[in-house]
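Coordinates in review
The residues making up each chain are set out below.
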Amino acid sequence: MKDWISAARLRTLPLSMSGIILGSFIARWRILENGGTWDWKIFAMALVVTLLYQILSNFANDYGDGIKGTDHLRVNEAEKRAVASGRITATQMRNAVILFSILSLIATIALLYFAFFKENLMNEFYTFVGLGIACILAAIGYTIGKKPYGYLGLGDIMVFIFFGLVSVCGSYFLFTKHFDWDMLLPATAVGLLSAAVLNLNNMRDIESDAASGKKTLALRLGFKKAMVYEIILLQLPLLLMLVFMMMNGLHTQGKYYAFIFFILMLPMTALRRKIMQVKEPRELDPFLKQVGIMTLTMAILVAAGLNYFN
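Residues numbered from 1 in each chain as written. Predicted model: local features only at pLDDT ≥ 70, side-chain atom pairs only at ≥ 80, totals over all residues. Heavy atoms only, no water.

Notes on the side chain of R272
With respect to the secondary-structure elements, R272 resides in helix α13 (residues 265-276). Buried R272, no salt bridge; nearest opposite-charge side chain is E230, N-O distance 9.5 Å. For R272, the side chain forms a polar contact with the main-chain oxygen of L234, separated by 3.4 Å. Residues within four places of R272 in sequence aside, it is in contact with I231, L234 and Q235. (Helix = DSSP H or I, 4+ residues; strand = E, 2+ residues; numbered from the N terminus. Buried < 20%, exposed > 50% of the residue type's maximum accessible area, 1.4 Å probe, protein only. Lys, Arg positive; Asp, Glu negative; His and termini not counted. Salt bridge = Lys/Arg side-chain N within 4 Å of Asp/Glu carboxyl O. Polar contact = N/O pair within 3.5 Å; in protein donor to acceptor, adjacent residues only side chain to side chain. Contact = heavy atoms within 4.5 Å.)

The structure is reproduced here in structure tokens:
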């Protein structure tokens, strides 16, 4: 059980929850402002679904990198995952990927039943079923298959799309049943931070990835340019959230508590400075968890600020 918990990589879960929290509670703020009702059960089910997606993705990445030999080339034994280290066999991990794919699909359909099917919104139901299947395939396709997109340098854009745009805008739609264009701002903020975590991971593994032929974007850019890319990814999210608040006129309404998330500016600046000082790729490992927690904290503060009086 300890090996399976380790393979699930629980430190990645805060990042996956951030988009759901942000999209759901922006929806709550707008729904209650208009006198509607917000269903907490849909929020709870959405969290379960995204956690299943994340664990599925982690198991699939462990299996894919393990059978391709990518993880075997890592110098630090602690960085090797379950299949590469032999703690879990490739067959066992493949079966786990299949199991969590099925569980993810079942949970997705259950969520969409409560969100759309019960209200006879059939077009929305089937559209989101297709989107759920796409999420499952994206989780698997990062390292598994003849041409996994993670080995082609496309991981960053896929993480941006699914962790940012799909997660935030999709969860928002579950409650409101419509799409608002300004939601692209918080969705982009989460997507950029998610890409920042992946880029840190790829920068850390840049030497082993080069040896195994895993051509991540960090490898294609090189360590120094990937560092510049990382700083840009970490620089923009708080500014995007600020623009979102200003567009909704919260400053003119005297609702300054909604801007509480901006207290993260100082710790985010300090985090960027520490990352910039790193010289060796393996020194980046602790920052993966820190950026993930920073993303979750931003989502919680935005949710709390918008819903303070609701």
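On we go.
Here we look at unusual backbone geometry
Positioned with a positive phi, N120 is a non-glycine residue whose angle comes to about 60°. A positive phi angle, close to 65°, is found at K177, a residue other than glycine. Tracing the sequence through the fold places K177 in the loop between α7 (155-176) and α8 (184-204). Look at K177 and you get partly exposed, because its relative accessible area is 22%.

Side note on the environment of I140
Topologically, I140 is positioned in helix α6 (residues 122-141). Sequence separation of I140 and T188 is 48 residues, and the distance between their C-alpha atoms is 23 Å.

Some details on the packing of aromatic side chains
Evaluation of the coordinates by the stated rule reveals 17 aromatic pairs. Arranged with centres 5.6 Å apart and planes meeting at 85°, the rings of Y113 and F114 form a pair that is edge-to-face. Since its relative accessible area comes to 37%, Y113 is described here as partly exposed. (Phe/Tyr/Trp six-rings, centres within 6.5 Å; stacked < 30°, edge-to-face > 60°.)

Read these as geometric descriptors, not functional statements.
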